[in-house]
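# Tertiary structure, described
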Amino acid sequence: WNMCTYLTTPIEAPQLPVRAFYQMKEVLPTEIKILVQLKLSQQLSNNFEYFDVILPFAHRGQALGSSIDATPTTGSVYVEKEKRRVVWRIGTAE
């Protein structure tokens, strides 16, 4: 699966616009903890119309519950209705 896909307008320095750190740990057979940290290039502002972080769990079928206990520093986190992906919506567009 894709770890990162993005579209952006070119920036002056040849560097990645977003860097990410991802960690997942199984706490119980029915519970996992996920840590996602993003760091933006200094040349980008934190004002995105569209910015979704999507964590796929397709290999687990519909293993995700309908709710999630999340504490994002910005945006909102939810489980998609198919219960196969967790979405962290950071952008301002609905």
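Look above for the structure.
An account of the accompanying structure is given in this report. (Residues numbered from 1 in each chain as written. Predicted model: local features only at pLDDT ≥ 70, side-chain atom pairs only at ≥ 80, totals over all residues. Heavy atoms only, no water.)

## Details of the pairing of strand 3 (residues 52–56)
A one-sided burial pattern is seen for strand 3, the buried positions being V53 and L55 and the unburied ones D52, I54 and P56. Where strand 3 lies against strand 5 (residues 85–89), five bridges are found, and the strand directions are antiparallel. When the bridges of strand 5 are listed, I54 appears paired with V87. (Buried < 20%, exposed > 50% of the residue type's maximum accessible area, 1.4 Å probe, protein only. Helix = DSSP H or I, 4+ residues; strand = E, 2+ residues; numbered from the N terminus. Pairing = 2+ DSSP bridges.)

## Structural notes on the sheet that holds strand 4 (residues 76–79)
The strand order across the open sheet built from three strands is 3-5-4, with neighbouring strands paired in antiparallel fashion. The outermost strands of the open sheet, each flanked by one partner alone, are strand 3 and strand 4. Taking the axes of each pair of neighbouring strands and ignoring which way they run, one obtains an average angle of 15 degrees across the sheet. (Axes fitted to C-alpha atoms, helices over the stretch in contact; angles between N-to-C directions.)

## Concerning the pairing of strand 1 (residues 18–28)
Of the strand pairs in this sheet, strand 1 and strand 2 (residues 31–40) are connected by 10 bridges, and their pairing is antiparallel. Bridge assignment links R19 to a residue of strand 2, and that residue is K39. Taking the residues between adjacent antiparallel strands as the criterion, strand 1 and strand 2 are bridged by two residues.

## Quick word on the environment of Q23
Of note, Q23 is situated in strand 1. Separated by 10 residues in the primary sequence, Q23 and K33 place their C-alpha atoms 8.2 Å from one another. The contacts of Q23, once residues within four sequence positions are left out, are K33, I34 and L35. (Contact = heavy atoms within 4.5 Å.)

## What about the nonpolar core?
Grouped together as the largest cluster of nonpolar side chains are six residues: V18, F48, F51, V53, W88 and I90. In this structure F48 touches L40, G91 and T92, once residues within four positions along its chain are discounted. (Core = buried A, V, L, I, M, F, W, Y, C linked by side-chain atoms within 4.5 Å.)

## Considering the pattern of salt bridges
Evaluated as defined, the whole model comprises two salt bridges. Between D52 and R89 there is a salt bridge, and its shortest N-O distance comes to 2.6 Å. Taken as a pair, D52 in strand 3 and R89 in strand 5 lie far apart in primary sequence, 37 residues in all. Taking relative accessible area as the criterion, D52 reaches 34% and is therefore assigned partly exposed. Note on R89: relative accessible area 25%, which makes it partly exposed. Between R85 and E80 there is a salt bridge, with the nearest N and O atoms lying 2.8 Å from each other. Residue R85 is classed as partly exposed on the basis of its relative accessible area of 32%. Overall, E80 belongs to the buried group, its relative accessible area being 18%. (Salt bridge = Lys/Arg side-chain N within 4 Å of Asp/Glu carboxyl O.)

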